[in-house]
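# An overview of the molecular structure
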Amino acid sequence: MADESTKMETAKQEQKIEYQVPPYNPTHVLSPEYEGTSNYEVGIAQLRREKLERLERLKADPEASQAQIRQAEEDLKTLEYLYENYHIGMNVFRTAKGGRDKLRE
């Protein structure tokens, strides 16, 4: 019986698979075409510019209704809130990422 358990141990050691993780060495964390910002930030900024232009056109148009102007202002506020919320969330993430490392030392 002891001989059988020794054979099983040997078989387990022979079947042990070595896992290798390739080194993580990124050349670009963010795509260069976004100039250091995320595509989310670029998209929100572009939408914000479009909404701002629309609001200016509506304010300059004498036939534009107050409801259209209010809606354009609300759309602009919503985009600003989305952008601000993204930055608040990312700041919390960046702070929390290395925040616990000091406690373990």
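You'll find the structure just up there.
Just so we're clear, the structure is a prediction, and the values are computed from it rather than from any experiment. (Residues numbered from 1 in each chain as written. Predicted model: local features only at pLDDT ≥ 70, side-chain atom pairs only at ≥ 80, totals over all residues. Heavy atoms only, no water.)

### Observations regarding the overall build of the protein chain
For the protein chain, the count of helices and strands is four helices and zero strands. Traced from its N-terminal end to its C-terminal end, the protein chain shows the element sequence α-α-α-α. Among the 105 residues that make up the protein chain, the fraction classed as buried is 10%. Surface accessibility of the protein chain: about 9,800 Å² in total, with carbon and sulfur atoms responsible for 52%. (Helix = DSSP H or I, 4+ residues; strand = E, 2+ residues; numbered from the N terminus. Buried < 20%, exposed > 50% of the residue type's maximum accessible area, 1.4 Å probe, protein only. Areas by Shrake-Rupley, 256 points an atom, 1.4 Å probe, with all protein chains shown as cover.)

### Description of the packing of aromatic side chains
In total, this model carries one aromatic pair according to the counting rule given. Ring centres of Y40 and Y86 lie 4.8 Å apart, and the angle between their planes is 35°; this geometry places the pair in the tilted category. Note that Y40 is positioned in helix α2 (residues 39–60) and Y86 in helix α3 (residues 66–99), a separation of 46 residues in sequence. Using a relative accessible area of 33% as the deciding quantity, one classes Y40 as partly exposed. Relative accessible area serves as the criterion here: at 22%, Y86 is assigned to the partly exposed category. (Phe/Tyr/Trp six-rings, centres within 6.5 Å; stacked < 30°, edge-to-face > 60°.)

### Here's the deal with α2
End to end, α2 covers 32 Å across 22 residues, agreeing with the expected 32 Å (1.5 Å per residue, within 8%). Three or more residues of α2 are buried, namely E41, I44, L55 and L58. Projected onto a plane normal to the axis of α2, the buried residues spread over an arc of 110° and lie on a single side. Opposite its buried face, α2 presents the exposed residues N39, R57 and A60, each directed more than 90 degrees away. (Expected span 1.5 Å × (residues − 1). Arc of directions from axis to C-beta.)

### Some remarks on the side chain of E41
In this fold, E41 is placed in helix α2. The class of E41 is buried, set by a relative accessible area of 12%. Not counting residues up to four positions away in its chain, the partners in contact with E41 are Y83, Y86 and H87. (Contact = heavy atoms within 4.5 Å.)

### Notes on the nonpolar core
Ranked by size, the top nonpolar core spans six residues in total: L55, L58, A64, I69, A72 and L76. Secondary-structure elements contributing two or more residues to this core are α2 and α3. The element contributing the most residues to this core is α3, with three residues. In this view, A72 contacts R54, L55 and L58; residues no more than four positions away in its chain are not counted. (Core = buried A, V, L, I, M, F, W, Y, C linked by side-chain atoms within 4.5 Å.)

Taken by themselves, the reported measurements are silent on function.
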